[in-house]
Every structure is written in structure tokens, then in C-alpha cells.
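As a plain string of letters, each chain reads:
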Amino acid sequence: MRFDRRKFLTFAGTAGVIAATGTLTRVASAAEATLPPLPYAYDALEPYIDAKTMEIHHDKHHQGYVNKLNAALADYPELQNMPLEKLLANLDSVPAPIRTAVRNNGGGHLNHSLFWQMMAPGGGKQDKGKVGAAIESTFGSFADFQKEFASKAGGQFGSGWAWLVVSDGKLEVVSTANQDTPVSQGKTPILGVDVWEHAYYLKYQNMRGSYVDAWWNVVNWKYVNELFAKAHS
């Protein structure tokens, strides 16, 4: 579960999930799950996401998921050589005593490792490319897609995520609770927004909708297109 600094995941396993831009090395020991560094400075996404939120979100919350995942797998060496996404795609095969911990903390680790890459300074201004065309074809227009996505994000009760996924070769907007990942549902996430309060509360307080509206300005469409292409390869 150690993530390369410049590369990302190779999605594998029975869920048929995507291969992203790099490879996920196999675990030699649970202690090797590590926090991937941000690919930009804490303040790089301002004014849309503030530096203090990014620092706490990455350094504290994501690190916490990594630490707890390591602790959960420490006594299960037979699981430590499995890619994280394969564990999450086959949760029923994870031993019951650690299944919830792997679901919550493994999901948190995977979701956030994707999330940092799905944002970039000036990303919202990028050409949306082939995924943009597919969005328009699927949802009628990009504006209609945004409305559906925002509805999923705003309608997620409590903590969770809104996602654009590839499912059976088609685009779909879904939400997941807590740190659940679409990977566990056999779906391939290509874009996601974290709607846990820790992702936005310092700047936006209870205005989740305003946070999601602002977040479109930092979506890394180049990366989303890479994931979209891999999902169809």
C-alpha cells in the first residue's frame, strides 16, 4: 500500500476497477502504508479551498486513516501483500474482526489518495476532453451533470462523497456514505468530492453547496480524462 510520489494506483481485483497513471506496490508489511504527498502546496487551491483546511485534511485526517489501516492489518500478514483496492473490492473476504476497520480506513486512504489527484490549481479551466463529451452525451449537458452531481453531494446525509463513476462501461453519478468507496460496489471512480465537514467547514461553515460550487474551479480534468481512458482500456 505504499504510494509512489509521482504515480498512483493500479486498480486490480475482481471488481474490474481501473488502472490509473502508476502502479500500486504490494505491501511488505502493514507499516509500509504511507501518506502520499500532496502534488501541490497547501495554498495552491486558494481561494476555493484554503491552505489550513488542506493542511489539516491531508496531514491529520488522511494520516489518521493510514495509521488505523496499518494497525488493522498488523496481525494479518496474508492480507498485507494484497493491493488495497482488491481488499476493498472483496470486503466479504476480509476477516470479520478487521472488516469494518479496513472498510473505513482503507476506504479513507484510497478515497483521499484519489481526491488529491482529482484537484489541481487552475484545473477547472482545463479542456474537459473526451470525458466532457461523454458527460454531455450521458446527462444531456454539462450543466445538467453538475446539477445531478451537486444534488448527490448536497443530499448525502451526514458525511460521505459524491462520485462520477464508470459502471458497466457507462457514466453514473453516485454517492457513498462515510469512507465507503465505489470500488466496493464494482464501480470505477473517476471524479469525486469529499463532503465530510472537515473538507470545507473552516471556510464554508455549513454551506456545503457553496463549497461544491467553488470546487468545480479546481477539478483536474486532465487527470479525470486519464482515469476515464484507463477505465475503457
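Keep in mind the model is a prediction, meaning the values are calculated, not measured.

1. A closer look at the packing of helix α5 (residues 142-155) against helix α7 (residues 208-215)
Step number 1: The N-to-C vectors of α5 and α7 enclose an angle of 140 degrees; their axes lie 10 Å apart at closest approach. Viewed along their axes, α5 and α7 adopt a mutual orientation that is oblique. Like other packed secondary-structure pairs, α5 and α7 cross with a definite hand, here right-handed. In this structure, α5 uses Phe149, Ala150, Ala153 and Gly154 to contact α7, whose residues at the interface are Arg208, Val212 and Trp215.
Step number 2: Each residue belonging to the contact of α5 with α7 can be placed in one class, and the counts come to 5 nonpolar, 1 polar and 1 charged.

2. Side note on α5
Step number 1: In this model, α5 (14 residues) spans 20 Å end to end at C-alpha, consistent with the 20 Å of a helix rising 1.5 Å per residue.
Step number 2: All of the buried residues in α5 are Phe142, Phe145, Phe149 and Ala153. The buried residues of α5 occupy an angular sector of 70 degrees when the element is viewed end-on, so they sit on one face. In α5, the exposed residues that point more than 90 degrees away from the buried face are Lys147, Ser151, Gly154 and Gly155.
Step number 3: Contacts made by the buried residues of α5 are with α4 (129-139), β1 (160-167), β2 (170-177), β3 (188-194), α7 and α8 (221-231).

3. So, the sheet that holds β2
Step number 1: A sheet is described by the order of its strands in space; here 3 strands give the open sequence β2-β1-β3, paired in antiparallel fashion. One side of each edge strand has no neighbouring strand; the edge strands of this open sheet are β2 and β3. Between one strand axis and the next, the sheet turns through 25 degrees on average, direction left out of account.
Step number 2: Sheet topology places β1 next to β3; 6 bridges connect them, and they run antiparallel. In the strand pairing of β3, alanine 162 is matched with valine 193.
Step number 3: Its contacts with the sheet put α8 on β1, β2 and β3, and the angle it makes with β3 is roughly 150 degrees.

4. Re unusual backbone geometry
In most cases, non-glycine residues show a negative phi, while peptide bonds are predominantly trans.
Step number 1: Residue proline 47 is bonded to the preceding glutamate 46 through a cis peptide linkage, with omega at 5 degrees.
Step number 2: Here proline 47 lies in the segment before α1 (51-73).
Step number 3: For aspartate 168, which is not a glycine, the phi torsion comes out positive at approximately 55 degrees.
Step number 4: Relative to the helices and strands, aspartate 168 resides in the loop between β1 and β2.
Step number 5: In the Ramachandran plot, glutamine 205 falls in the positive-phi region, its phi being about 50 degrees despite a non-glycine side chain.
Step number 6: Considering the arrangement of structural elements, one finds glutamine 205 in the loop between α6 (201-204) and α7.

Cut-off values and rules
- Residues numbered from 1 in each chain as written.
- Predicted model: local features only at pLDDT ≥ 70, side-chain atom pairs only at ≥ 80, totals over all residues.
- Heavy atoms only, no water.
- Axes fitted to C-alpha atoms, helices over the stretch in contact; angles between N-to-C directions.
- Helix = DSSP H or I, 4+ residues; strand = E, 2+ residues; numbered from the N terminus.
- Parallel < 35°, antiparallel > 145°, perpendicular 65-115°, else oblique.
- Left-handed = near helix turned anticlockwise from the far one by under 90°.
- Contact = heavy atoms within 4.5 Å.
- Nonpolar A, V, L, I, M, F, W, Y, C, P; charged D, E, K, R; others polar.
- Expected span 1.5 Å × (residues − 1).
- Buried < 20%, exposed > 50% of the residue type's maximum accessible area, 1.4 Å probe, protein only.
- Arc of directions from axis to C-beta.
- Pairing = 2+ DSSP bridges.

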